Each structure stands twice: as C-alpha cells, then as structure tokens.
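Spelled out, the chains give:
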Amino acid sequence: MASQRAVKLSLKKPTHAVCVVGVETLVDVYSDVPKGANTFGVSGSSEVKIYMVYDPARVAEPTGRAHWPLGANVDVVVVADTVSKDLNDLKVKVSYFGSQEAGALGHSVLYLTSVDMSLDADTGRTGKVKKGSGDKKTWRWGSGGSGAILLVNCDRDVRGSREDLHSSHLRSLEDLQDMSPMVLSCGGPDELFESHKLVLKVSLPDSRRLRVFCARGGTSLSDYKQVLGPHHQTYEVERHPGESNIQFYVAGLVFPDANFSGLISLSVSLVGTEGLSEVSLFTDSVTFRVAPWIMTPNTQPPLELYVCSVTDAHGRNDKFLEDMAHLAQKANCKLVVCPRVENNNDRWIQDEMEFGYVEAPHKSFPVVFDSPRNRGLRDFALKKILGPDFGYVTREIQYAGASGLDSFGNLDVSPPVKVGTKEYPLGRILIGGSFPKSSGRRMARVVRDFLQAQQVQAPVELYSDWLSVGHVDEFLSFVPTSDQKGFRLLLASPRACLQLFQEKKEEGYGEAEQFDGLKHKTKRSINNILADRHLRRDSTHVQECIDWNREVLKQELGLSESDIVDIPQLFYLKGAYAEAFFPDMVNMVVLGKYLGIPKPFGPLINGRCCLEEKVRSLLEPLGLHCIFIDDFLSYHQLLGEIHCGTNVRRKPFSFRWWNSVP
C-alpha cells in the first residue's frame, strides 16, 4: 500500500488528521521531541493497527518494556480498519523516554478521523463492481489480467436522433446499460464532509473521450446528471448526509485511434484546507480501456444477410434477390433487402460498410463501420442500421476524396490463427494496398490507423493494387470447415484454371466453350483460351501477384500449403490493371456451410460446367455446400461479384477480447 503524506506531531497540543480505511498513514515522531529523549513508544485505539518499519540489520525489535530508539530511522505507520462514527474518535499516542526510562519525558497525541473512500469499477471483469479489487490504476491484458472496460456509446436508444454519445443529457434509462458502472465510497462522519470536499477529476484530453453521469437515487431521467465530459474536467461531488456510496455511469465517446491508446483514467480526491490553501489529503484512481471495434470472419455463424434491390439497363435484379433469399433460408439466416429508395441504385453494399461489434463484461452489441466511400449508400448505415443496441462508427477522409481501395470490399479478417507461439484468437484484419515501396494506391491512413489502434486483430497489408478495383475480396476468401483447422483460405488461381483447361483438352474436350449459355457474351473454346498468348501472359502476371500475397498470408497467418485451396480463375489485363475474365468464384458469400458462388459459365462437359465441378470437388469434401448463382449481368459486368453485392452480420466471438495479449 502506498503511504499518505506524513502527519507531524506536537508536544504542545494534539494533532488532528483524516485517514482512509485500509490506507497507510505515516506518523512523523521526530518533528517535536523532548530534550534528552532517545527512545519512544507508541500506543493507540484498538481500531488502529500500528506498524514499525525499520532495517533489521540496524535495529533489534524491543522486548519486554523496552522502547524503540530515536536515532535508528524507525518509521511509524498506522492503518485504521474501521470507519469513524464521530470526528476524532481514533487515537494514537507517542511517548518519549530518556536513557533511564524511569518515566515519559513527554507525549504527543494524534486524533484520527477515518473515512471509507474508494473509487471502484468492474476491474475484475465480472460484470459487477467489486470494491478494492487489485491495482485499479494499471490495465492488464490476458486471462489473468485486470482493468475496467468502457463501451463507446455509439448506438441510438431514442428514435430520430444521432448516436447517444452526442448528447450531454441521458435520453433513456436503457442507455445506462451501455455504460460502465462506477461507485464512489464515501462513508464517514457527516461533519467531516461538511468541511472537506470530494473532487472527481479527469484530464483535459480524456474529458473529450467520455461522459460521466451521477445517479441520485431516482428513476427519472432528471435523476441522472452529467458531471464529467467535454468542457467538464472536475466535479465537486454532492454527498448527502449519511450517504456512503454514490453511483456513477461512464460512457465512452471515441474508439482507440492513432492519437488515443484507449486508456482513460479518472480520480477522486479528498480535499481539505491547511491555512488558506486547499490540500489533497488522499486520491484514488481507476483506469478504463475503451473496448475495441471487432470484425467477424466468415467462420462465424451468419445472423443477417444484406442485399440491395436495384435497377439497371438489364432490368431489376429480382432473380438475384430470389437466389439470395433461397440461400439465406438454407443457412437459417435473416435476409434484409435494402430498397432502391434507400440505396439510390448503389448495389455495392459490401463496399459501403463492415459489420463488427463491441463488448464489455456487462454488455455487447453490434457496431457497423461505415466506409468513407460515400456513394449512393452513404446514408444507409446511419439512417437505417443505427438504432437501439446497434452502434455506428465511421472515418472520413478530410482533404482528398476516397479511392477505390477505401471501400470495404478491400477489408477482410482471418479466422483465429496461431503464428509460431503468437496467438491471434480473434484473427487478423486484412487490407489491400500497393506493392511495398511503390507509390500505388493504398487504403486511406485514417482508416488504417483506426484498424491498427484496435490492437486485438493486428492488421496485415496485402498487395491488391494490381487489380482494377483493387480489393482483397477479388482474390481471397475464407470458408469454415469441421476439421481441426476449422477453416481454409481460398485463393484465386490462374495456374489452376489453365491446368484444368489443359487436362480437359487432353481428354478431348478442347472445343467445349467458356460462357456457354450466355446470350450477350462471345464464347471462347478451351483450345482458343489456351492458345491466347495475351491471356496466358496476363495470367502469369496475375499469378505472380497472387503468389506474392500467398507467401505473406502463410507467414502472417501461420498457414501451410494444406490450409490453402486454389480456386480456378482467369484474369486479363486492362491497361496496367487486372479484371476477372469470367465471374470471380472466390468473391463469394459464405453463410455457414452454404456458399453463394458466382456462376462461372465454364465449358460444359457431359452437360456439366467443368469449373463448377472442380470447385465442388475441392470444397464439398470439407462439408461445404456450393450453390452457384448467376450474377453476370447485374454484378460481374460492373466489375463486382456476389461478395461485393452482399453483406453479412455474424455472431460475435465467444472468446473475450480482453483475455488476449496483443
């Protein structure tokens, strides 16, 4: 226990001091000593424990009626173990003796008033506030760690307004459930608190990151008053007579970011007066960590499938919506259709937003991360998804407009992985960017900084700038499996596609045609494709780009070749950038064991698409169900596929993020 300031004694008059239950008070027995005294003894009330602190190598503990020597740097520490009922009801007496010790040469008396003072939060991470649980100032990661957790109050419990964090007034009692409880213990004689103050305090930077509401015993909104927050760094606590505990609720206002580690500290001080000055007699502090925004990978069970209803030159996408409804039904997943009036004919709902969640021991709720893309769907997440227990966060690009790489088709997350001895129990975020040391396109720094600052899903930047659209979902995906590994990484592979077509040619099917069954697309035979030197050159370049990412993914996710499945896919270069030659099968939507895969319209052999058959042979032995869906006119021709045109909210991890060690 850390010592309080020393209390000086006087031979001429009693000394009065305030102490806190369980907290050490150092008694200065050397400030006023009778002439001729060379030893001393200490006694006190039964409610006060007295400790002598000394160096055993220099001082022997007295026996019998002997006393402690004054010249040996022996410190006296007292600790009260009960709360005072009245002022000055605890007593400590110091007696001084000469060399003969026939009688005391003088006495000093200290009268103590003991108070119960403590600022406590759920530092044990049990969902409830427990008093005096360990080191409250230090926040520790891991299963054996400790420290209180704060949620960003980014949902909207009252209709017709923005996130709750924007209001300095409590707008609904339900909102209290999103906040972290904090209790100030302040037991002791009422007379003491009439002459002393309790001051709650937060630093200026942290005052902009939280709001603290004080509960005053009622059940109406007016019984909850904001006492700390933006423009309010300190609060002189209003303690009512007889009150021993005061309840507070703490709400986070901002997520961790480049200029904010996520840690917020609050303190309370007992302030008295000495002469004309105010003096802090005791201070207690508690540190919160703001809960990070957490993404969920394809391996988490689906809860809701989002898709847009749109109209284009080919008509409405009703058939695609029907296929999505069928897929969602198989996966026992709710389908949410965003109508054109809400999407402004913007179908790329994956690019607009990403679903995640926040969690504290007492509460968890989903949070949608709105991308800075800001096209037709720009208002959808804020206006239609934000609501009670459904939060919202965004990052805006201040000076330049968003690039294609700022869309969230360029944002993914792996399942939980282990890399050597390092575990990532919540997976690792994957984003696409330029080739290292090049000056190509990258995701905006404001987004990258936000993702990095969450700490629990350490991002990996891949190379996606070789693609026209530039998104990682164009060449990779994860699917769940029921074996020990629990997942596979799917990578688009021109090499595997050309090898498959070569095999079919050698089997005598060289005249079978790609795009068979499509009215508005020129058919290409296997022989023609294999003989196309430009397509082969393009495929070699694309394969090199994907292989570079393959090695990074193996290293950063701890994968072996057996964890990777190569999905046949061809690309061609348009200028310096690649586009999918036929619907990109890796760009699929994963709903549990059901995969909604873009129909590739591959060569028909014995009436069956050889590309579909190859993918089935790769994935169905893993317990997955491949459902091929025609997205050619409504999505593929517009440089996107099923994953680009859908979005999935998934079940949060059962693993609790604070048990990880970043």
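How each quantity is defined
Residues numbered from 1 in each chain as written. Predicted model: local features only at pLDDT ≥ 70, side-chain atom pairs only at ≥ 80, totals over all residues. Heavy atoms only, no water. UniProt positions renumbered as here; feature names shortened; annotations may be inferred. Helix = DSSP H or I, 4+ residues; strand = E, 2+ residues; numbered from the N terminus. Buried < 20%, exposed > 50% of the residue type's maximum accessible area, 1.4 Å probe, protein only. Contact = heavy atoms within 4.5 Å. Lys, Arg positive; Asp, Glu negative; His and termini not counted. Charge placed at Lys NZ, Arg CZ, Asp CG, Glu CD. Patch = residues over 30% accessible without salt bridge, like charges linked within 9 Å, V, L, I, M, F, W, Y side chains within 5 Å. Areas by Shrake-Rupley, 256 points an atom, 1.4 Å probe, with all protein chains shown as cover. Salt bridge = Lys/Arg side-chain N within 4 Å of Asp/Glu carboxyl O. Phe/Tyr/Trp six-rings, centres within 6.5 Å; stacked < 30°, edge-to-face > 60°. Lys NZ or Arg CZ within 6 Å of the ring centre and 35° of its normal. Pairing = 2+ DSSP bridges. Axes fitted to C-alpha atoms, helices over the stretch in contact; angles between N-to-C directions. Left-handed = near helix turned anticlockwise from the far one by under 90°. Nonpolar A, V, L, I, M, F, W, Y, C, P; charged D, E, K, R; others polar. Core = buried A, V, L, I, M, F, W, Y, C linked by side-chain atoms within 4.5 Å. Polar contact = N/O pair within 3.5 Å; in protein donor to acceptor, adjacent residues only side chain to side chain. Parallel < 35°, antiparallel > 145°, perpendicular 65-115°, else oblique. Disulfide = S-S within 2.5 Å.

- The name given to the protein chain in an unreviewed UniProt entry is Protein-arginine deiminase, and the organism recorded there is Cricetulus griseus.
- Its UniProt record gives the protein chain the following Cofactor (unreviewed entry) comment, quoted word for word: "Ca(2+)".
- Here the protein chain is described in UniProt, under the heading Subcellular location (unreviewed entry), as follows: "Cytoplasm".

### Describing the overall build of the protein chain
Moving on, step 1. Within the protein chain, the regular secondary structure consists of eleven helices and 44 strands.
Moving on, step 2. Along the longest, intermediate and shortest principal axes, the C-alpha atoms of the protein chain span 120 × 55 × 40 Å.
Moving on, step 3. Taken across its 662 residues, the protein chain has 56% of its residues classed as buried.
Moving on, step 4. Long-range contacts, defined as pairs at least 24 residues apart, comprise 71% of the intrachain contacts of the protein chain with a sequence gap of at least 6.
Moving on, step 5. Computed over 76 positive and 81 negative side-chain charges, the separation of the two mean positions in the protein chain equals 1 Å.

### A look at a negative patch on the surface
Moving on, step 1. Among the surface-exposed residues, Glu47, Asp86, Asp89, Glu191 and Glu194 lie close enough to one another that they form a single negatively charged patch.
Moving on, step 2. Inspection of the secondary structure puts Asp89 in the loop between β7 (75–80) and β8 (90–97).

### Thoughts on the pattern of salt bridges
Moving on, step 1. Overall, the coordinates contain 44 salt bridges when judged by the stated rule.
Moving on, step 2. Of the charged contacts, one joins Lys225 and Glu238 as a salt bridge, the two residues approaching to 3.6 Å between their closest N and O atoms. Residue Lys225 is found in strand β14 (residues 224–228), and its partner Glu238 is found in the loop between β15 (234–236) and β16 (245–252); the two are separated by 13 residues along the sequence.
Moving on, step 3. The exposure class assigned to Lys225 is partly exposed, which follows from its relative accessible area of 44%.
Moving on, step 4. Under the relative-accessibility criterion, Glu238 is labelled partly exposed at 41%.

### Remarks on the packing of aromatic side chains
Moving on, step 1. Within this structure, the stated rule accounts for 26 aromatic pairs.
Moving on, step 2. Ring geometry for Phe355 versus Phe390: centroids 6.1 Å apart, planes at 65°, classification edge-to-face. Of the two residues, Phe355 is situated in strand β24 (residues 353–360) and Phe390 in the loop between α6 (380–385) and β26 (391–394); the sequence distance between them amounts to 35 residues. Here Phe355 matches Phe390 in class, with each residue buried.
Moving on, step 3. Plain terms: the ring middles of Phe515 and Phe632 are 6.3 Å apart, the flat faces sit at 70° to each other, and that makes the pair edge-to-face. With a gap of 117 residues between them, Phe515 in the loop between β34 (513–514) and β35 (524–525) and Phe632 in the loop between β43 (625–629) and β44 (646–650) connect regions that are remote in the sequence.
Moving on, step 4. Exposure remark for Phe515: the relative accessible area of 1% places this residue in the buried category.
Moving on, step 5. Looking at Phe632, the relative accessible area reads 3%, which means it is buried.
Moving on, step 6. Taken together, the ring pairs connect Phe255, Trp293, Phe369, Phe408 and Phe450 into an aromatic cluster.
Moving on, step 7. The lysine or arginine in question, Arg289, covers the ring of Trp139, its NZ or CZ lying 4.7 Å from the ring centre.
Moving on, step 8. Between Arg347 and the ring centre of Tyr635, over which it is positioned, the NZ or CZ distance is 5.9 Å.

### Re the sheet that holds strand β27 (residues 411–413)
Moving on, step 1. Spatial ordering of the open sheet is given by β27-β30-β31, a layout of three strands whose pairing is mixed. The open sheet has two edge strands, β27 and β31 (460–463), and neither has a second partner. Geometrically, the sheet is characterised by an average inter-axis angle of 35° between neighbouring strands, direction not taken into account.
Moving on, step 2. Inspection of the sheet shows β27 paired to strand β30 (residues 429–433) by three bridges, in the antiparallel sense.

### Details of the packing of helix α8 (residues 494–509) against helix α11 (residues 610–619)
Moving on, step 1. At a minimum axis distance of 11 Å, the contact between α8 and α11 shows a crossing angle of 115°. Here α8 and α11 pass one another in a crossing that is right-handed. Facing Cys497, Leu500, Phe501 and Lys504 of α8, the residues of α11 in contact are Cys610, Leu611 and Lys614.
Moving on, step 2. Taken together, the residues of the contact of α8 with α11 break down into five nonpolar, no polar and two charged.

### Observations concerning the pairing of β8
Each regular strand shows side chains that alternate between the opposite faces of the sheet.
Moving on, step 1. Of all the eight residues making up β8, six are buried; the element is thus mostly covered by neighbouring parts of the structure.
Moving on, step 2. Bridging between strand β4 (residues 39–44) and β8 involves six bridges; their strand directions are antiparallel. Opposite Gly44, over in β8, you have Val92 as the bridge partner.
Moving on, step 3. Here β8 runs beside strand β9 (residues 104–121); their pairing, made up of eight bridges, is antiparallel. Paired with Ser95 across the two strands is His107, which belongs to β9.

### With respect to the side chain of Asn153
Moving on, step 1. When you line up the elements, Asn153 lands in the loop between β10 (148–150) and β11 (180–187).
Moving on, step 2. Owing to a relative accessible area of 1%, Asn153 belongs among the buried residues under this scheme.
Moving on, step 3. Beyond its immediate stretch of four places on either side in the chain, Asn153 contacts Glu163, Asp164, Leu165, Asp175, Asp178, Met179, Ala251 and Gly252.

### Focus on the nonpolar core
Moving on, step 1. Met182, Leu200, Val212, Phe248, Leu266 and Leu451 are the most contacted members of the largest nonpolar core, which has 71 residues in total.
Moving on, step 2. With residues near it in sequence (within four places) discarded, Met182 still touches Leu119, Asp120, Val129, Leu200, Val212, Ile246, Gln247, Phe248, Val250, Leu266, Val286 and Phe288.
Moving on, step 3. If you look at the next biggest cluster of nonpolar residues, it comprises 64 residues, including Tyr424, Leu430, Leu570 and Phe582.

### With respect to the sheet that holds strand β40 (residues 594–598)
Moving on, step 1. Overall, mixed pairing links the three strands, which are arranged β39-β40-β43 in an open sheet. Edge positions in the open sheet fall to β39 (589–591) and β43, since each of these has one partner strand only. Each adjacent strand pair in this sheet contributes to an overall mean axis angle of 25°, direction not counted.
Moving on, step 2. Here β39 runs beside β40; their pairing, made up of three bridges, is antiparallel. Paired with Leu591 across the bridge in β40 is Tyr594.
Moving on, step 3. Across the sheet, helix α3 (residues 318–330) lies against β39, β40 and β43, angled at about 170° from β43, the strand it touches most.
Moving on, step 4. In this fold α11 packs onto β40 and β43, with an angle of close to 155° to the strand it touches most, β43.

### Some remarks on the side chain of Asp206
Moving on, step 1. Of note, Asp206 is situated in helix α2 (residues 204–207).
Moving on, step 2. Within the structure, the side chain of Asp206 is placed 3.3 Å from the backbone nitrogen of Ser265, a separation counted as a polar contact.

### A short note on the packing of α8 against helix α10 (residues 533–557)
Moving on, step 1. The geometry of α8 relative to α10 is characterised by a closest axis approach of 8 Å and an angle of 135° between their N-to-C directions. Classed by the angle they form, the pair α8 and α10 counts as oblique. Of α10, the residues touching α8 (which contributes Pro494, Arg495, Leu498 and Gln502) are Arg536, Ser539, Val542, Gln543, Ile546 and Asp547.

### What to know about the state of the cysteines
Moving on, step 1. Summed over the entire model, instances satisfying the criterion amount to zero disulfides.
Moving on, step 2. With no disulfide partner, Cys19 has as its closest neighbouring cysteine sulfur the one in Cys186, 16 Å distant.
Moving on, step 3. Cysteine Cys644 remains unbridged, with the sulfur of Cys308 as its closest cysteine sulfur at 12 Å.
Moving on, step 4. On the basis of relative accessibility, which here comes to 5%, the residue Cys644 falls in the buried class.

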